[in-house]
Amino acid sequence: MFSYRCMRLIIPRPSVSRPPCSCCFQPCLIPLGCCGCCSALRPRYKRLVDNIFPVNSEDGLVKSNMEKLTFYSLSSPDKLDRIGEYLYQKASKDINRKRYKFVEIAMEAMDNLLQACHAQTTLNLFVESFLRMVQKLLEDSNPNLQILATNSFVKFANINEDTPSYHRRYDFFISKFSSMCHGNNDNIELRDSIRLAGIKGVQGVIRKTVSDDLVENIWEKQHMEKIVPSLLFNMQSGDLTPVEDATVVTPPVLAEEVLRELVGRASFGHIRSVLKPLLTHLDRHELWVPNTFAIHTFRIVMISIQPQYSYTVVETLMQHLDNNFKSSPKTRTSLAVVLSKIIAIAAGESVGPSALDIINNLLTHLRTSVSTTTEITPEESQYQEALINALGEFANHHPDYQKIEIMLFIMNTVPDLSKKSKGDQMLQNILLKSLLKVGTQYSTTSFEKAFPASFLQPLLKMARAPHDPTRIIVMQIFQSLLDRHQNEKVLSTVSIKPYAALSQETPSRSDIIFTHKYGANIMQALIDSMALSEKLDSLTSSYNTAALLIVEMACGETVQEFLLFILGIQQVATTSDDLSNIHKCCLHIIAIALLTLTARVTGINNLLEYAQKIIEDRKQEATYLLPPLLDSKKSNKSYNLNLPHLAIDKMALAECLQNAGMDFNRLQTGVPYALNQIDNPGHRHSWVESVSNHMTHRNSSADLTAYNADADSISSSPGVSKKALAPEYTVDAMKRYLAEPPESVKREQQEKQKQIVRAFRESDFEDLMKRTEPKHDVIQNRLNDLFNSLSIDNKTPQNAANQNEKPIYETNFPELFYY
């Protein structure tokens, strides 16, 4: 029987152009668009892929069929690449036809397969198809497809692949995600969604590339110049204050998080790759003034970076400051402020040369600022203050021993006082201000550590600078290091009244030794400083320093030195012809104020009563010799200073100490401090030079360059005989001895010193040897006699009888002597 169906198979039909089959992509002979015979001949993976797509796209992915496809992929991993390619072809076709729902289903299937099969060794071939599909979606103008593709890429980025990829590149994704970060859609909600997707995509690229060294090097310049500005663009568009609702993720918040991650993953060789585009972005968009955003950004960098690399950020910012030396003062000031805000974070990791290198760079910027400007404008002054603050912040986070090294380093850079040009004076003040900034951060425990000789010597030299502002800054440095009990503000005014809030503590033995060793040098410098200017601020700062010195170091063992210091101030006011009357009055006022303070802090009532007696007498006859200090600009009166009965008397002070049961010999025999005495802490001259210097200087056991007029030393010197004491040791004889005129004593001492110097300078060396040889022979003979007597005693019969007896330690501990 002949059927029509058989006729249909045999009889050829005219060729008609047919659409391709939806399953095999070949021309279909059946008008329905899918031939039954073709379905049976297709590979199984294609059938499984086709089955995951529903008839109606709104129904979404067919879950049961997706599970079958996943199982097949796991059991036949060699088919993964073909499955991926087939899904890509179907998605491309749907994109061209604008069938976006089917595209979403294909992308979802890709994601599921990627998550399920990420451990397969053949995943790389599937990933190529996956990335091609993601790229296809990103290239489309539909923002929803772009967001969908980005989310899929982020899921892929979070997968740790076991097998490396040698040929995979992410150039397109970096460019596309960066451009999405700058989205400017009119719809604000959609714009934020696109920007968030772009930032997430950048984060995904960072995670995928940083963890795999064989793929694209994301730290290259062309990539960082796209990623970093994109993140900063989103950060600057948001509010810098913390968001109350942490669950709400906005582009600025996410961009900040990604920047933290990027900086945290950067190694030492890559951190500059992040910093350079960051600085360029701030320059191009003029974000330095105001510098709120710049400070916020660099704080993020410093907190996120690995601690050992934090110094690189400071160094890079300093180099950028170098490159902007021609910029406006406001820009440079903002840069310096940013530096001061972040430099403290780097200080904890900077030790040794790196710390001094940062200090040297800051000082170089200060010197450049002074040398390039003829006059310091307010803006330039703000720039210098910002640099000084940065230096202080940096030093504040170092241990105290390093702060001393930093202060010494700064002191060595201060120009010499012989350079009196205006520029050098400005530079001196700027560098001393930076030194003061470090000094205020130092916590003094021991004056010996706070004032090493190498630091104290140039500081004392600066205290005698002819420029008033320089001396004031030096005094402030002394005050910051001396003030251990926060008395500086209390002692800032010259007063004879008790200081109510004064805090003090008994000086330690170390401080007393320091006072005996270096106190004289400091007090000499203070006297010279007081005599240089009659300006109130200069005199007040010197008084403040002297008062702090007394409060911190005065005690029974050092009070005589401070009394000689006070007498020295008065002597300058009495004998100096170069000072004005107002200046002399101020020195008298300072002397009586310091005497009152010394009496109170040492608790010597006799001394306090004597000071009060002088004060009462001056109130009756000369109130201008009592606080407050006189201002030369406001006072033009002529003052009578020839009032010796109102002056502080040396013998009276000695009597006060004697009545208090204290030692007074140093005060009685010593000479008050004088002007222009040479001090050199840390170096002790030969005693011949000391005697020579002492012809014009005072006799002080605390002075490092003065001659010690010890009686034994004089009697042992050639050509000088020891002075014999009075034969009578009665009270009248001692009074006569104490009442001996000081001038005669001074002349007698000078004559002795001249004899010593003459003997050692004019006599031959052989002659000096002959004079000293007999004494050495006598000593040697005496020693020989002692040694002989000891040797004779050791040979007595009793010792000989005991030689056969065992020592007590051998009897009690015999095991120690076994062989």
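All of these numbers come straight from a predicted model, not from anything done at the bench.

Helices and strands together make up the secondary structure of the protein, namely 37 helices and zero strands. A total of 819 residues make up the protein; the buried ones form 47% of that total. If you take every contact in the protein between residues at least 6 apart in sequence, the share linking residues at least 24 apart comes to 72%. In the structure as shown, the protein presents an accessible area of about 41,900 Å², 52% of it carried by carbon and sulfur atoms.

So, on to the pattern of salt bridges. Under the criterion given, the structure shown has 25 salt bridges. Where Asp94 meets Arg99, a salt bridge forms, and the shortest distance between an N and an O atom there is 3.8 Å. By relative accessible area, which is 7% here, Asp94 ends up buried. Measuring nitrogen to oxygen at the nearest pair gives 3.9 Å for the salt bridge that ties Glu225 to Lys221. With Glu225 and Lys221 both in helix α11 (residues 221–236) and four residues apart, the pair spans about one turn of that helix.

Inspection of the secondary structure assignment puts Leu138 in helix α7 (residues 123–139). Separated by 34 residues in sequence, Leu138 and Phe172 place their C-alpha atoms 9.7 Å apart. Among all residues touching Leu138, those that are not within four sequence positions of it are Gln146, Ala149, Thr150, Phe172, Phe173, Lys176, Phe177 and Met180.

When the pLDDT values of the protein are averaged, the result is 80; 77% of them are 70 or greater. Low pLDDT (under 50) marks residues 29–37, which in the prediction has 12 contacts with non-local residues, meaning those over four places away or in another chain. Low pLDDT, under 50, characterises residues 680–727; the predicted model gives this stretch 103 contacts beyond four residues in sequence or across chains.

All right, on to unusual backbone geometry then. Trans is the common state for peptide bonds, and a negative phi is the common state for residues other than glycine. A cis amide bond, omega -5 degrees, links Val289 with the succeeding residue Pro290. With respect to the secondary-structure elements, Pro290 resides in the loop between α13 (271–284) and α14 (292–304). Look at the link from Pro627 to Pro628: it is a cis peptide, with omega at 5 degrees. Despite not being glycine, Lys98 has its phi angle at roughly 65 degrees, a positive value. By secondary structure assignment, the location of Lys98 is in the loop between α5 (80–96) and α6 (100–116). Residue class for Lys98 comes out exposed when judged on its relative accessible area of 52%.

Positionally, Ala593 belongs in helix α27 (residues 581–602). Separated by 34 residues in sequence, Ala593 and Pro627 have C-alpha atoms that sit 7.7 Å apart. Setting aside residues up to four positions removed in sequence, Ala593 forms contacts with Val494, Ser495, Ile496 and Tyr543.

All right, on to the packing of helix α12 (residues 251–265) against α14 then. Contact geometry for α12 and α14: axes closest at 8 Å, N-to-C directions at 45 degrees. Taken together, α12 and α14 sit at an angle that is classed as oblique. Taken as a pair, α12 and α14 cross one another with a handedness that is right-handed. Facing α12, whose interface residues are Glu256, Leu259, Arg260, Val263 and Gly264, α14 presents His296, Thr297, Ile300, Val301, Ile303 and Ser304. Counted by class, the contact of α12 with α14 contains five nonpolar, four polar and two charged residues.

Scoring rules and cut-offs
Residues numbered from 1 in each chain as written. Predicted model: local features only at pLDDT ≥ 70, side-chain atom pairs only at ≥ 80, totals over all residues. Heavy atoms only, no water. Helix = DSSP H or I, 4+ residues; strand = E, 2+ residues; numbered from the N terminus. Buried < 20%, exposed > 50% of the residue type's maximum accessible area, 1.4 Å probe, protein only. Contact = heavy atoms within 4.5 Å. Areas by Shrake-Rupley, 256 points an atom, 1.4 Å probe, with all protein chains shown as cover. Salt bridge = Lys/Arg side-chain N within 4 Å of Asp/Glu carboxyl O. pLDDT = per-residue confidence, 0-100. Axes fitted to C-alpha atoms, helices over the stretch in contact; angles between N-to-C directions. Parallel < 35°, antiparallel > 145°, perpendicular 65-115°, else oblique. Left-handed = near helix turned anticlockwise from the far one by under 90°. Nonpolar A, V, L, I, M, F, W, Y, C, P; charged D, E, K, R; others polar.

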